[in-house]
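Residue-level listing of the chains:
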Amino acid sequence: MITTAVFLIYGYSCRFLGVYFFWESKSIGWVLFFVTLILFLLDRIKLEKTRNGKTIGEKIGIAVQSLVLVTKAVLFFVIPHTEFYENAKSYIMTNPGIEQQTGPVNDIFLLPYGAISSRSNSAGTTGQADLHFVVKGRDKYIDLNLLMGKETGSDWQIVVREQ
């Protein structure tokens, strides 16, 4: 629990104080929070078994949290190999507004939040994506949310850029 708290406190503090080092700690802290929650529920199951109590709620909680963590892990490794991620990365690396805020962009880090949907039919593919990034510039880091859309016969385009 202490490690989780340290990561979360540092993640929020570095944004508030303008410390441009290890901004990923906030998202790592949230992942650790869910792992800690699973471990807490496992301890509750052991305790309830000694009391001959029911543990269905704890088991459902573990299943839901495990599903969330596995889904986030799979998407974290799959998304960087998609067309919409490449378009988002290109947009971030070449956008003068972002460069003005951060200085020349050195790196981007995909955060495990957001949503993606796409539909395919005989006419083609349409879709929407909501991606969250930490953009690391030479002078400053920023959290960036990109909403993207794809219409039939076109590439993925940035619809809205939120901060």
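For the structure, see preceding data.
Everything quoted here is computed from the prediction, not taken from an experiment.

(A) Up close: the overall build of the chain. Helix and strand counts for the chain come out as five helices and four strands. Secondary structure elements of the chain occur, N-terminal to C-terminal, as α-α-α-α-α-β-β-β-β. For the chain, the C-alpha radius of gyration of 20 Å lies well beyond 15 Å, the compact-globule estimate for 163 residues. When burial is assessed residue by residue, the chain has 35% of its 163 residues classed as buried. Counting only contacts in the chain whose residues sit at least 6 apart along the sequence, the fraction spanning at least 24 positions is 49%. Put simply, the chain shows about 10,000 Å² of open surface, and 63% of that area lies on carbon and sulfur atoms. Counting 16 positive and 14 negative side-chain charges, the chain places the centres of these two groups 10 Å from one another.

(B) Fine view of the environment of Thr36. Within the secondary structure, Thr36 sits in helix H2 (residues 25–50). Looking at Thr36, the relative accessible area reads 19%, which means it is buried. A C-alpha to C-alpha distance of 10.0 Å links Thr36 and Ile2, two positions 34 residues apart in sequence. What Thr36 contacts, discounting residues up to four positions off in sequence, is Met1 and Thr4.

(C) Representation of helix H1 (residues 2–17). If you check H1, its first and last C-alpha atoms are 21 Å apart, about what 16 residues at 1.5 Å a residue would give, namely 22 Å. Along H1, the positions that sit buried rather than exposed are Thr4, Leu8, Gly11, Cys14 and Arg15. For H1, the buried positions fall inside an angular range of 140° around the axis, keeping them on one side. Across H1 from its buried face, at more than 90 degrees, point the exposed residues Ile2, Val6, Ile9, Phe16 and Leu17. In this structure, the buried side of H1 is in contact with H2, strand S2 (124–137) and strand S3 (141–150). Phi turns positive, to about 75°, at Gly18, one or two residues after H1.

Quick notes on the rules
- Residues numbered from 1 in each chain as written.
- Predicted model: local features only at pLDDT ≥ 70, side-chain atom pairs only at ≥ 80, totals over all residues.
- Heavy atoms only, no water.
- Helix = DSSP H or I, 4+ residues; strand = E, 2+ residues; numbered from the N terminus.
- Rg over C-alpha atoms; globule rule 2.2 N^0.38 Å.
- Buried < 20%, exposed > 50% of the residue type's maximum accessible area, 1.4 Å probe, protein only.
- Contact = heavy atoms within 4.5 Å.
- Areas by Shrake-Rupley, 256 points an atom, 1.4 Å probe, with all protein chains shown as cover.
- Lys, Arg positive; Asp, Glu negative; His and termini not counted.
- Charge placed at Lys NZ, Arg CZ, Asp CG, Glu CD.
- Expected span 1.5 Å × (residues − 1).
- Arc of directions from axis to C-beta.

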